[in-house]
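Each chain, written out:
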Amino acid sequence: MMDREELGAWLRLTLAPGVGNGAARRLLSTFGLPPAIFQQSAAVLEQCVTVAQARALCEVPSTWQPLLDVTSQWLAGADPQGPARDIVTLGDVRYPQSLLETEDPPLLLYVMGPAHLLAHQPFATGRCLAVVGSRNPTPQGAENARLFSRALRGAGLTIVSGLALGVDAAAHEGALDAATREADSVATIAVVGTGLDRVYPRKNLDLAHRIAAQGLLISEYPLGTPPLAANFPKRNRIISGLSQGTLVVEAALASGSLITARMAVEQGREVFAIPGSIHAPQSRGCHALIRQGAKLVESAQDVLEELNMPLHEAAPDRRTVQAGSDTVPGGMDDARNPVLSALGFDPMGMDALIARTGMDAPSLQVALLELELAGCVARLPGGLFQRMASG
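Everything numeric in this text was worked out from a predicted model, so none of it was measured. All chains use their own residue numbering, which begins from 1 and follows the written sequence. Totals for whole chains, interfaces and linings use every residue, but because this is a predicted model, local features are given only for residues with pLDDT of at least 70 and side-chain atom pairs only at 80 or more, for both listing and counting. Processing note: side-chain calculations cover all non-hydrogen atoms of the structure and skip hydrogens and water entirely.

Draft legend 1. Broad picture of the overall build of the protein. Within the protein, the secondary structure is distributed over 18 helices and 12 strands. The C-alpha radius of gyration of the protein comes to 24 Å, within 12% of the 21 Å expected for a compact globule of 391 residues. C-alpha extents for the protein along the principal axes are approximately 85 × 40 × 40 Å. Whether two residues are in contact is decided by their heavy atoms, any of which lying within 4.5 Å being enough. Long-range pairs, those at least 24 residues apart, make up 72% of the contacts in the protein between residues at least 6 apart in sequence. For helices the rule is a DSSP run of H or I covering at least 4 residues; for strands it is a run of E covering at least 2, with both sets numbered from the N terminus onward. Restricting the calculation to C-alpha atoms gives the radius of gyration, and the globule rule supplies 2.2 Å times the number of residues raised to the power 0.38.

This is the structure we're talking about:
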């Protein structure tokens, strides 16, 4: 762990007004560690950065001392029985190589997770896959995110996402389903857009605690940073930068997930997309990516083959990780259930189901309720029903 002087110098470098990551990297390359930067005169600094940036570096920001105090307390205040806390700098041997090779790697990474995982060099060992998508997925989309992530984690991949509602949360949960507490690699990484002393959205507080116990929480933002809208698209470069590829499960055309996919392409990484219904707005972003050259995937095996990874023996059977799988719990297969035979994976209303099944409305309502309780069918807004992946 850094001493207070070095920590203070790193924090001051990140706080200097107008000095972005690019200028900071030039300074580090020229002068070495941050304490050496702040020993230079403005005239010397101007050989590396602009006059305005040099002047900013020579002044101590008013927010610097409070942030140093809070950060020091945060690092020292970790529960010995709980997740470890640390700050990994650009020059640390634990800094992930895949992220270091991107165009704009963060100067600092605030990290929380099991101590034995943070001790790795680098800490993000193994191969990573980003799984992203809509904050308001269809039931099918959320299930696909969970099942794909569970199978891919079972095959040895670390699942990276952004702790948002919807697909992100389902992806983290799927990876945790396949995790073991003493594993020597990270089950899932949540890259957040706030300081690590807060969780956003609050609904994912319990999930964040689970990730900190079996994976990693990462942020480039100082402690105390609130959920500012501009920070979330920026953090997406870390999600894609940590990963060998990005899987988009569901996304509207204006989705932030498409930003992550674009960044993955710019970083020379693979992009995968799961196709969906032509009637669902959440599928249009995926279809656009596929038209632009993203690999269409229908199963976890498709992803593994593209990344040249074999399906691990302990991974779930292919049928359970396939988009739109026909596996139904409780033996409710199509042949025995006329409603499932009539109900496809696109949302459908009562009138259409009555026409397809020939059942009267009361009988159909009972049948749908039974399927809903069995987890085979989801009830959507507007009186629509949709068959689940496992149904």
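Moving on from the coordinates now.
Draft legend 2. Broad picture of the packing of aromatic side chains. For Phe, Tyr and Trp, where Trp contributes only its six-membered ring, two rings pair if their centres lie within 6.5 Å, and the inter-plane angle classes them as stacked under 30 degrees, edge-to-face over 60, or tilted in between. Applying the stated criterion across every chain yields a total of 2 aromatic pairs. Here tyrosine 200 and phenylalanine 232 contribute two aromatic rings whose centre-to-centre distance is 5.8 Å and whose plane-to-plane angle is 50°, an arrangement assigned as tilted. Taken together, the positions of tyrosine 200 in the loop between strand E5 (188-191) and helix H11 (205-214) and phenylalanine 232 in helix H12 (residues 231-241) put the pair 32 residues apart, joining distant regions of the chain. Taking relative accessible area as the criterion, phenylalanine 232 reaches 14% and is therefore assigned buried. Relative accessible area decides the class of each residue, using a 1.4 Å probe on protein chains only: under 20% of the type maximum gives buried, over 50% gives exposed, and in between gives partly exposed.

Draft legend 3. Region of interest: the sheet that holds strand E11 (residues 377-380). Spatially, 3 strands are ordered E10-E12-E11 in an open sheet, and the strand pairing comes out antiparallel. Edge strands, defined here as strands with exactly one partner in the open sheet, are strand E10 (348-349) and E11. Two strands make a pair as long as DSSP finds a minimum of two bridges between them. Both E10 and strand E12 (residues 384-387) contribute to a ladder of 2 bridges, which runs antiparallel. Of the residues in E12, the one forming a bridge with methionine 348 is phenylalanine 385.

Draft legend 4. Region of the structure containing the packing of helix H9 (residues 139-154) against helix H10 (residues 167-177). Between N-to-C directions, angles cover 0 to 180 degrees, with each direction set by a line fitted to C-alpha atoms, over the stretch in contact for helices. For the pair H9 and H10, the least separation of the axes is 7 Å and the interaxial angle reads 35°. The way H9 lies across H10 gives a crossing that is right-handed. The residues of H10 that touch H9, namely those facing Ala142, Ala145, Arg146, Ser149, Arg150 and Arg153, are Val167, Ala170, Ala171, Gly174, Ala175 and Asp177. Across the contact of H9 with H10, the residue classes break down as 6 nonpolar, 2 polar and 4 charged. When the near helix sits turned anticlockwise from the far one by under a right angle, the crossing is termed left-handed; a clockwise turn instead gives a right-handed crossing. Amino acids outside the nonpolar list (Ala, Val, Leu, Ile, Met, Phe, Trp, Tyr, Cys, Pro) and the charged list (Asp, Glu, Lys, Arg) are all regarded as polar, and Gly is one of them.

Draft legend 5. Seen up close, the pattern of salt bridges. Note on definitions: salt bridges are taken to be side-chain nitrogens of Lys or Arg within 4 Å of carboxyl oxygens of Asp or Glu. Tallied over the entire structure, the rule returns 10 salt bridges. Measuring nitrogen to oxygen at the nearest pair gives 2.7 Å for the salt bridge that ties glutamate 220 to arginine 237. With glutamate 220 in the loop between strand E6 (216-219) and H12 and arginine 237 in helix H12, this residue pair connects regions lying 17 residues apart in the sequence. Overlapping salt bridges bring together Arg25, Asp104, Glu220 and Arg237 as one network.

Draft legend 6. Examining the side chain of serine 219 more closely. One can find serine 219 in strand E6. We classify serine 219 as buried; its relative accessible area is 0%. Every residue in contact with serine 219, bar those within four places of it in the chain, is listed here: Leu108, Leu109, Tyr110, Val192, Thr194, Gly195 and Leu196.

Draft legend 7. The arrangement of the sheet that holds strand E1 (residues 84-89) in detail. With mixed pairing, the 9 strands of this open sheet are ordered in space as E1-E2-E6-E5-E4-E3-E7-E8-E9. Edge positions in the sheet fall to E1 and strand E9 (295-296), since each has one partner strand and no second. The pairing of strand E8 (residues 270-273) with E9 spans 2 bridges and is classified as parallel. The partner of phenylalanine 272 across the bridge, within E9, is lysine 295.

Draft legend 8. Spotlight on the nonpolar core. Buried Ala, Val, Leu, Ile, Met, Phe, Trp, Tyr and Cys residues form a nonpolar core when they are joined through side-chain atoms within 4.5 Å. Residues Leu13, Leu27, Leu57, Leu163 and Leu217 are the most contacted members of the largest nonpolar core, which totals 73 residues. Residues contacting leucine 57, with those up to four places away along its chain left out, are Arg12, Leu13, Ala16, Val19, Leu27, Phe38, Leu45 and Val49. Ranked by size, the runner-up nonpolar core spans 23 residues in total, among them Leu129, Ala145, Ala171 and Val297.

Draft legend 9. Layout of helix H13 (residues 256-266). Of all the residues in H13, the buried ones are Ser257, Leu258, Thr260, Ala261, Met263 and Ala264. Residues of H13 that are buried make contact with strand E3 (128-132), H12, strand E7 (245-248), E8 and helix H14 (281-291). Immediately downstream of H13, the backbone of glycine 268 shows phi near 75°, a positive value.

Draft legend 10. Up close: the environment of serine 363. Within the secondary structure, serine 363 sits in helix H18 (residues 361-373). Look at serine 363 and you get partly exposed, because its relative accessible area is 34%.

Draft legend 11. Summary view of the pairing of E5. Here E5 shows two buried faces, one formed by Thr188 and Ala190 and the other by Ile189 and Val191. Where strand E4 (residues 158-161) meets E5, 3 bridges bridge the pair, whose relative direction is parallel. When the sheet's bridge partners are listed, serine 161 is paired in E5 with alanine 190. With 3 bridges connecting them, E5 and E6 associate as parallel partners. If you follow isoleucine 189 over to E6, its bridge partner there is leucine 216. By convention a crossover is right-handed if, when the strands point away from the viewer, the path from the first strand over the helix to the second runs clockwise. Taken together, E5, H11 and E6 form a β-α-β motif whose crossover is right-handed.

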